[in-house]
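Architecture at a glance
Given next are the chains, with one letter for each unit.
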Amino acid sequence: MQDLAKIRSEKPGSYPDQTVYAEYACREFDLAFEDIDGGTGLAFSVASKARRIHFGAGRCSWYPQNNATATTLASDKYFTNLILERAGVATLGGDYFFLHDRHRARRAEGHEIEDALKYFAKLGATAFVKPLLGSRGDFAQAVYDEATLKNYFLSVSRYYDSILMQPLVSGDEYRLFLLDGEVLYAARKYPPVVLGDGMRSIRDLVSEHNAVLQARGLSPAAGAADEQALGRVLSKGERWELPGRMNLSAGGTMALEASPSTAATAAARNAARALGLRVAAMDLFTNIKGRAEATAVIEVNSNPSIRLLEDCARADLILKIWHHTFSAMGLLGV
């Protein structure tokens, strides 16, 4: 088997993870890999003797076996919820709202900022909000008062034109990765933490954490701690959890575990089937309100990252995923 770590070491830090994995899989399956963007990894091709397929980073999908309609529907969190609810899959629900007047004449009433404030009040002035078409946990956070929500609108409107607002729900969060309806792996998700050094306050540690996020193009963590708590100096090695999003890109962690329940597995499979996705990563809450089988889909990822597998030394699963992609595109087995 090829050495994934060696391939990684030969690439610049900006090189996309999936491009590394594609090259690794090409070496394993005797396919031709070609970086066509001067070594950036942003665009590349994979070829067999019979055909060539191109891939691109950014908004391009790494999983061409998912059709374009299914991928696009899954990227819209409100559309996803509509489809899943009709299929009998529990979601967190919610409604969408626009942050700009642009194109207002072309859309239905009830989804403007003033409507968002009314909906927030209906939810008891507590909600979880995130960009409707966002990813990587960017601007995903809990909001507990109207003033914070209005400031949130201003911040998010610089980068996105719409948001999804949902009831605030808590439970154990998992990701289930599926290939053609079968769970390839499951992982428990945990929130980001800052580690104390015995000298700096929580506020300073969080500021440092946020600087790293902003350098990656992500919004800062939204801490719920009061000013007195933020001023406390953590002892060396002491951990302080940052509430809210648990995305790896935002500093969260994941650990490979078995699927948490038959209900979670069934929900993930039904969600993928309803959306027509051959490859999907389902983020779910389980154990909602202390009920072990209570499960709800948080969101569906049709273009999921698999960096966790590299971090957990599961190159075998990386190869399974890319084998599925190459086979679906006619590069293998023909």
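Residues numbered from 1 in each chain as written. Predicted model: local features only at pLDDT ≥ 70, side-chain atom pairs only at ≥ 80, totals over all residues. Heavy atoms only, no water.

Okay, the sheet that holds strand 7 (residues 162-166) next. What the four strands build is an open sheet, ordered 4-7-5-6; its pairing is antiparallel. A single partner strand is all that each edge strand has here, and the edge strands are strand 4 (95-98) and strand 6 (141-143). Each neighbouring strand pair of the sheet contributes to a mean axis angle of 35°, computed without reference to strand direction. Summarising the sheet, strand 5 (residues 127-131) and strand 7 pair through four bridges and their orientation is antiparallel. Residue pairing in the sheet places Pro 131 in a bridge with Ile 163 of strand 7. With respect to the sheet, helix 4 (residues 77-86) is in contact with strand 4, strand 5 and strand 7, its orientation differing from that of strand 7 by roughly 45°. Against the sheet, helix 5 (residues 113-122) contacts strand 4, strand 5, strand 6 and strand 7, and its axis sits at roughly 145° relative to strand 4. (Pairing = 2+ DSSP bridges. Helix = DSSP H or I, 4+ residues; strand = E, 2+ residues; numbered from the N terminus. Axes fitted to C-alpha atoms, helices over the stretch in contact; angles between N-to-C directions. Contact = heavy atoms within 4.5 Å.)

What follows covers the sheet that holds strand 2 (residues 43-47). Taken in spatial order, the three strands make up an open sheet running 1-2-3, and their pairing is antiparallel. On the outer flanks of this sheet lie strand 1 (32-35) and strand 3 (52-56), each paired with one strand and no other. Between one strand axis and the next, the sheet turns by 20° as a mean value, whatever way the strands run. Of the strands in this sheet, strand 1 and strand 2 are in contact with helix 2 (residues 17-29), which crosses strand 1 at around 150°.

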